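# An overview of the molecular structure
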Amino acid sequence: MTVLCVVSVLSLLPFATSRPPHIVFIVSDDLGFNDVSFHGSNQIGTPNIDAIAADGITLMNYHVQPVCSPSRATFMSGRHVIHTGIYMPFRQGTPLRLNLSYSLLPQYLRRCCNYSSHMVGKWHLGQNVLAALPTGRGFETYLGYWSGAEDYVTHDTLGAYDFNDDARHEAGSAAAEVTLRPAVELNGTYSTAAMTARAVRVIEGFGGGGGLGGSLPRRPLFLYLPYQAVHWPLEAPPQYVDRYRGRTGGDTRRQLVCAMAKALDDGVGQVTAALKRRGMWDDSLVLFSSGRVELPAPTAERDEALAEFEAALKRVCDQLAADVARNGEGTTHVLRVAVRGAPSAELARGVGKAVVNSPLVKTAVAGNDPNVGRIVGAVGSFLGRAAPQLDLGQCTMAIGGDTVFEGGSFRLSPTREASLSAHLRQAQQESAPFPPHERFVEVEIDLGAGGEASTVIGSDLTREYVDINADYRS
């Protein structure tokens with residue numbers, strides 16, 4: 001999903017000191033591409049976010065996931081979702097978490113450049129063990145909520161209070177001590193305001209103002225500030241809601257989104273003002289990004305593009321599936337069993353699996369033996385269990401395009417058997433020229449009992465496979 005991302009241009013200039021720059025990474029939640037005025041919105045004024053864009057770089061080909069946890073896992077780990085395995089948002093109370101073996105961004109920054117890392121805002125990357133919390137993943141202090149969504153004012157999520165003020169204390173070489181404290185004094189404080197106030201305190205601590213009870217170490221600062229706004233529930237202070245009265249065509253939900261975005265922009269302004277006030281602006285790399293964006297409403301143009309994408313993705317996945325089978329231990333043939341005419345897709349898939357998983361079929365293919373009886377037997381055995389009402393006499397089967405079974409009878413001859421053997425030999429990997437992606441033992445089965453279809457891919461079973469797996473212990 002294309003979203004907005006702006007980077008302060010100061011990152012391109014020599015910094016005022018020789019030490020690494022301060023890094024302030026601000027993330028909004030659900031803020032749309034056109035919900036900022038520098039992208040043309042004449043409804044929501046966002047002068048503070050606009051100022052970062054005006055003095056910096058706007059990334060116009062920048063993408064995040066359409067849900068929360070996957071994007072945040074990538075932000076922190078540097079890994080795409082196909083590597084983190086996180087595709088959906090974590091539910092409240094889930095044992096799921098971002099892999100604890102990963103070194104996250106604050107841990108890496110501490111190790112490489114002695115950064116002091118602090119987080120304010122939404123975590124949503126695991127909460128069932130101490131090691132999965134922000135203070136267990138490299139942040140020295142944390143204020144915010146661990147889960148994915150909560151009330152902006154009462155900080156309630158599913159009947160529990162989730163707004164925490166946590167810290168990690170290290171004394172010399174001793175093991176770090178972590179303190180977890182519910183920030184009950186913030187019950188009744190709008191989260192955008194609470195998060196902004198803590199971010200400003202962190203910055204003031206680095207600037208010599210003692211914002212967290214005394215000056216923080218004279219080390220470069222990494223401040224990760226993932227705001228709750230403008231994620232649901234849609235809630236905003238009355239003074240912000242009033243600003244957009246009569247400006248959203250009677251759409252009260254849109255009015256609230258505008259109010260929330262405006263409060264967010266004001267918070268960004270307070271953070272950048274604190275950096276300038278404390279003399280840190282010229283030595284800071286400031287980033288602003290959306291964390292997730294809802295998928296746009298369907299349109300004819302989008303549906304056409306999506307269909308084209310789905311077709312291309314299916315072609316890629318089909319080829320990858322064949323390559324997985326082709327790279328199996330001892331594999332010399334890849335079978336592609338296309339089943340059609342089934343009363344359900346599930347039954348079509350079951351017939352295909354019955355063929356590719358049959359040891360008798362797999363060994364016959366390995367020996368280039370066109371043993372049609374084994375294929376018919378595998379199909380008949382499966383249908384006898386899963387759909388005994390179907391008549392095998394209605395089925396038609398073909399190998400390599402040659403019909404071998406029809407109307408309950410085999411259609412074989414010495415000439416046809418020679419042709420079938422040639423098809424098997426041609427599909428054998430040792431004899432196939434590179435690349436062998438198009439080489440399959442093609443089996444087609446028409447059940448003649450419906451309109452559903454499925455294609456199943458598998459491999460043969462060779463002596464080499466048995467030798468490899470019989471030669472070691474695990």
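An account of the accompanying structure is given in this report. Please read all numbers here as calculations on a predicted model, not as lab measurements.

## Description of the overall build of the chain
Per the secondary structure count, the chain includes 13 helices and 17 strands. Buried residues in the chain amount to 46% of all 474 residues. Contacts spanning at least 24 positions in sequence make up 68% of the contacts within the chain whose residues lie at least 6 apart. Only carbon and sulfur atoms are counted for the fraction: they give 53% of the accessible area of the chain, which is about 22,500 Å².

## Points about the pattern of salt bridges
The full count for this structure, using the stated rule, is 14 salt bridges. Between Asp446 and Arg340 there is a salt bridge whose closest N-O contact spans 3.5 Å. With Asp446 in strand E16 (residues 441-446) and Arg340 in strand E12 (residues 334-342), this pair connects stretches of sequence that are 106 residues apart. Sharing partners across several salt bridges, the network here consists of Asp165, Arg181, Glu185 and Arg198.

## Digging into the pairing of strand E14 (residues 402-406)
Pairing analysis gives four bridges linking strand E13 (residues 396-399) to E14, with the strands arranged antiparallel. Bridged to Ala398 within E14 is Thr403. Hairpin connection from E13 to E14: two residues lie between these consecutive antiparallel strands, with Gly400 at a positive phi of about 60°. As paired elements, E14 and strand E15 (residues 409-410) share two bridges and run antiparallel to each other. Bridge pairing links Phe405 to Phe410 in E15. Following E14, the chain reverses through two residues before pairing antiparallel with E15; Gly407 in that reversal takes a positive phi of roughly 60°.

## Re empty space enclosed by the protein
For the structure on display, the rule yields two cavities of 30 Å³ or more. Reported here for the largest cavity is a volume of approximately 90 Å³. Lining the largest cavity are 14 residues, with Val365, Asp369, Asn371, Ile375 and Ile399 sitting closest to its centre. Elements with a minimum of two residues in the lining of the largest cavity: helix H10 (359-366), helix H11 (372-386) and E16. Taken together, the residues of the lining of the largest cavity sort by class into eleven nonpolar, one polar and two charged. In this structure, the second largest cavity encloses a volume near 50 Å³. Split into classes, the residues belonging to the lining of the second largest cavity amount to four nonpolar, seven polar and one charged.

Reading the values: rules and limits
Residues numbered from 1 in each chain as written. Predicted model: local features only at pLDDT ≥ 70, side-chain atom pairs only at ≥ 80, totals over all residues. Heavy atoms only, no water. Helix = DSSP H or I, 4+ residues; strand = E, 2+ residues; numbered from the N terminus. Buried < 20%, exposed > 50% of the residue type's maximum accessible area, 1.4 Å probe, protein only. Contact = heavy atoms within 4.5 Å. Areas by Shrake-Rupley, 256 points an atom, 1.4 Å probe, with all protein chains shown as cover. Salt bridge = Lys/Arg side-chain N within 4 Å of Asp/Glu carboxyl O. Pairing = 2+ DSSP bridges. 1 Å grid on protein atoms, 1.4 Å probe; cavity = no way out; pocket = protein on both sides within 12 Å on 5 of 7 lines; lining within 4 Å. Points joined across faces, edges and corners; volume = space filled by probe spheres on them. Nonpolar A, V, L, I, M, F, W, Y, C, P; charged D, E, K, R; others polar.

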